[in-house]
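# Descriptive structure summary
Single-letter residue listing:
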Amino acid sequence: MTDRCLCCHTPLAADSRYHPRCLTRLFGHARLPTIPFGLADLPGLVAKAEGRMSISGVQMKLSVRLNTDTWELESTSTGGTHILKPEPERFPQIPQNENLCMNMAEALDLPVPPHGLFVMADGRPCYVIKRFDRMDDGRKIQKETMFQILGSTDKYAGSLEMVGKAIRAHVANVGLETMDFFERILFCFVTGNGDMHLKNWALVGQGRNLSLAPCYDLVSSRLYLPTEEDSALTINARKNGLTRADFETLATRLQINPKAAANTFDKLRGLHDTLRDMTIASELRSDLRQELAKVIASRYTRLFGGTRAP
């Protein structure tokens, strides 16, 4: 199998696991940084960060920055420029899963921050992504999730129509951002991401210059939760058994031109082979690759030739 970059997933010409350009996008330099800690060290590092990065569900998230003196990623409670996510025991290969899904999203021309797979000091994998809510010097860029904007008390309560309405009410470029939102919804469906709750949708910017935040937390949750609902938030008053008709109804409610919606479906349909090939060539282990390929094939059938699921 051809070696592929552990950031962008495209083939490598040289004897390396990273394209210099990918490391430069992520860290500002083509030099590969080291990670001086392992999985066992993370709970203490998270606690030391004064709660600024908490354990969400079963996966720890650690705020880090590059120490340019030692060229190591170091834990920090302030001024973090990247997020590091290790592999949780309960859900193996989540880092590989997220890296793949983010690269698939980029293949659909969705906005994706620089990211990649790396190895910690104990040899365990981790996923590192550049923070889109921080400048290069660590200063904050305003970010609000839909959980905050909608004043919710339950991140799984609500509809994507409601999220879309909030996006349209706040962003500067309504047409562009609405289409971006719709494309992400379709992408999450075909990749088996049933965990796009209110905290996974956010706006960034200030005043009248708000926009939909770049993609983040994209994973195929279906690989670990086979009985999970299709969507964390309702679409056309449904969370399960979704088909093209439900998404077309959603597009209408988002005031998307029918021709523009049809073009989005066509664009996604044309990427079926690309998503399958990316899955087959991914860093996921064999059984997870096969299962994800099945999920994608099943979702494409439901969108482009199947019947309504029970």
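The following paragraphs examine the structure supplied in this document. (Residues numbered from 1 in each chain as written. Predicted model: local features only at pLDDT ≥ 70, side-chain atom pairs only at ≥ 80, totals over all residues. Heavy atoms only, no water.)

## A short note on the overall build of the protein chain
Helices and strands together make up the secondary structure of the protein chain, namely 10 helices and 8 strands. What you see for the protein chain is a C-alpha radius of gyration of 19 Å, in line with the 19 Å of a compact globule of 310 residues. A principal-axis box enclosing the C-alpha atoms of the protein chain has dimensions of 55 × 50 × 35 Å. The buried share of the protein chain, reckoned over its 310 residues, is 52%. Of the contacts formed within the protein chain by residues at least 6 apart in sequence, a portion of 66% connects residues at least 24 apart. When the accessible surface of the protein chain is totalled, it reaches about 14,300 Å², and 50% of it is carbon and sulfur. With 39 positive and 35 negative side-chain charges, the protein chain shows a separation of 4 Å between the mean positions of the two kinds. (Helix = DSSP H or I, 4+ residues; strand = E, 2+ residues; numbered from the N terminus. Rg over C-alpha atoms; globule rule 2.2 N^0.38 Å. Buried < 20%, exposed > 50% of the residue type's maximum accessible area, 1.4 Å probe, protein only. Contact = heavy atoms within 4.5 Å. Areas by Shrake-Rupley, 256 points an atom, 1.4 Å probe, with all protein chains shown as cover. Lys, Arg positive; Asp, Glu negative; His and termini not counted. Charge placed at Lys NZ, Arg CZ, Asp CG, Glu CD.)

## Brief notes about the side chain of Thr145
Considering the arrangement of structural elements, one finds Thr145 in strand β6 (residues 143–145). If we ignore the near neighbours within four places in the chain, the residues touching Thr145 are Leu198, Lys199, Trp201, Ala202 and Tyr216.

## As for the environment of Val219
Within the secondary structure layout, Val219 lies in the loop between β8 (211–212) and α7 (244–253). Judged by its relative accessible area of 14%, Val219 is buried. Expressed as a C-alpha distance, the spacing of Val219 and Ala105, which sit 114 residues apart in the sequence, is 11 Å. Among residues more than four places away in sequence, those in contact with Val219 are Asn97, Glu98, Cys101, Gly192 and Asn193.

## Observations regarding the sheet that holds β8
The 3 strands are arranged β6-β7-β8 in an open sheet whose pairing can be described as antiparallel. Looking along the sheet, the strands with just one partner apiece sit at the ends: β6 and β8. Sheet topology places strand β7 (residues 202–204) next to β8; 2 bridges connect them, and they run antiparallel. The residue bridging Leu203 from the neighbouring strand is Leu212, located in β8. (Pairing = 2+ DSSP bridges.)

## Structural notes on the environment of Gly123
With respect to the secondary-structure elements, Gly123 resides in the loop between β4 (115–119) and β5 (125–130). Through-space distance from the C-alpha of Gly123 to that of Pro258 is 50 Å; in sequence the pair is 135 residues apart.

Bear in mind that shape data such as this cannot, by itself, settle questions of function.
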